[in-house]
Amino acid sequence: MPLAASGRKPELKRLICCKAALIATSLFAPAYAHAEEVAFIAILNVPAGNAQAFDALARDMVEASATDDGLLIYEFARVGETVYGYERYVDAAAHARHEALIEPFIPQLVELAQFKKIVTLSQLTDDHQELFQSIGAEIGQPIAAAAQGPSK
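Residues numbered from 1 in each chain as written. Predicted model: local features only at pLDDT ≥ 70, side-chain atom pairs only at ≥ 80, totals over all residues. Heavy atoms only, no water.

So, the environment of Arg 88
Along the chain, Arg 88 turns up in strand β3 (residues 82-89). Take Arg 88: its relative accessible area is 13%, and that puts it in the buried class. Sequence-wise, Arg 88 and Ala 39 are 49 residues apart; in three dimensions their C-alpha atoms are separated by 4.2 Å. Separated by 2.6 Å, the side chains of Arg 88 and Glu 37 make a polar contact. (Helix = DSSP H or I, 4+ residues; strand = E, 2+ residues; numbered from the N terminus. Buried < 20%, exposed > 50% of the residue type's maximum accessible area, 1.4 Å probe, protein only. Polar contact = N/O pair within 3.5 Å; in protein donor to acceptor, adjacent residues only side chain to side chain.)

Below, the structure is given as structure tokens:
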């Protein structure tokens, strides 16, 4: 069913904003690439009726992302209708490459799930903060960290 026909015009607007932000972020990735890791937890609401389709989509996104050496962790966990996505990259350039790899999945992701929060475990660029806010996520800020080195 088309998004507009299902009464999901806000989701269509979020999809357009998200897509525009992804494109803008990928264009400016070299300007903010640095050697610091990027890590965050995405908290999404996935209604029970969308769970099976979302889980299949998550598997496809993880598989598509696995080809990038800059990816340290990209995984999902479900607790009822809440899904937690944990993402960790060697740097902002690796995260930008990840965004390009999952871009084809974004329309279905926005249709199946609603972003609730992004819990940052590293500093985010202004572009990424705008991206996450454009898809309806609240953004937390890191307050403390300890590193043991890359997990790969």
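Don't stop here, the text continues.
Quick look at the packing of helix α2 (residues 51-65) against helix α3 (residues 92-102)
Packing of α2 against α3 brings their axes to within 9 Å, and their N-to-C directions diverge by 130 degrees. Relative to α3, the element α2 is oriented oblique. Crossing angle aside, the handedness with which α2 passes α3 is right-handed. Mapping the contact onto sequence places Met 61, Ala 64 and Ser 65 in α2 and His 98, Leu 101 and Ile 102 in α3. A per-class count over the contact of α2 with α3 returns four nonpolar, two polar and no charged. (Axes fitted to C-alpha atoms, helices over the stretch in contact; angles between N-to-C directions. Parallel < 35°, antiparallel > 145°, perpendicular 65-115°, else oblique. Left-handed = near helix turned anticlockwise from the far one by under 90°. Contact = heavy atoms within 4.5 Å. Nonpolar A, V, L, I, M, F, W, Y, C, P; charged D, E, K, R; others polar.)

Focus: the pattern of salt bridges
The full count for this structure, using the stated rule, is three salt bridges. The partner of Glu 37 in a salt bridge is Arg 88, and the shortest N-O contact between them spans 2.6 Å. You can see Glu 37 sitting in the loop between α1 (9-32) and β1 (38-45) and its partner Arg 88 sitting in strand β3, a full 51 residues away along the chain. With its nearest N and O atoms 2.4 Å apart, the salt bridge here joins Asp 55 to Arg 78. (Salt bridge = Lys/Arg side-chain N within 4 Å of Asp/Glu carboxyl O.)

Quick look at the sheet that holds β1
In space, the five strands of this open sheet follow the order β2-β3-β1-β4-β5, with mixed pairing throughout. The outermost strands of the open sheet, each flanked by one partner alone, are β2 (71-79) and β5 (138-139). Pairing analysis gives two bridges linking strand β4 (residues 114-120) to β5, with the strands arranged parallel. The residue of β5 that forms the bridge with Lys 117 is Glu 138. Those strands touched by α2 are β2 and β3, and its axis lies near 170 degrees from that of β2. (Pairing = 2+ DSSP bridges.)

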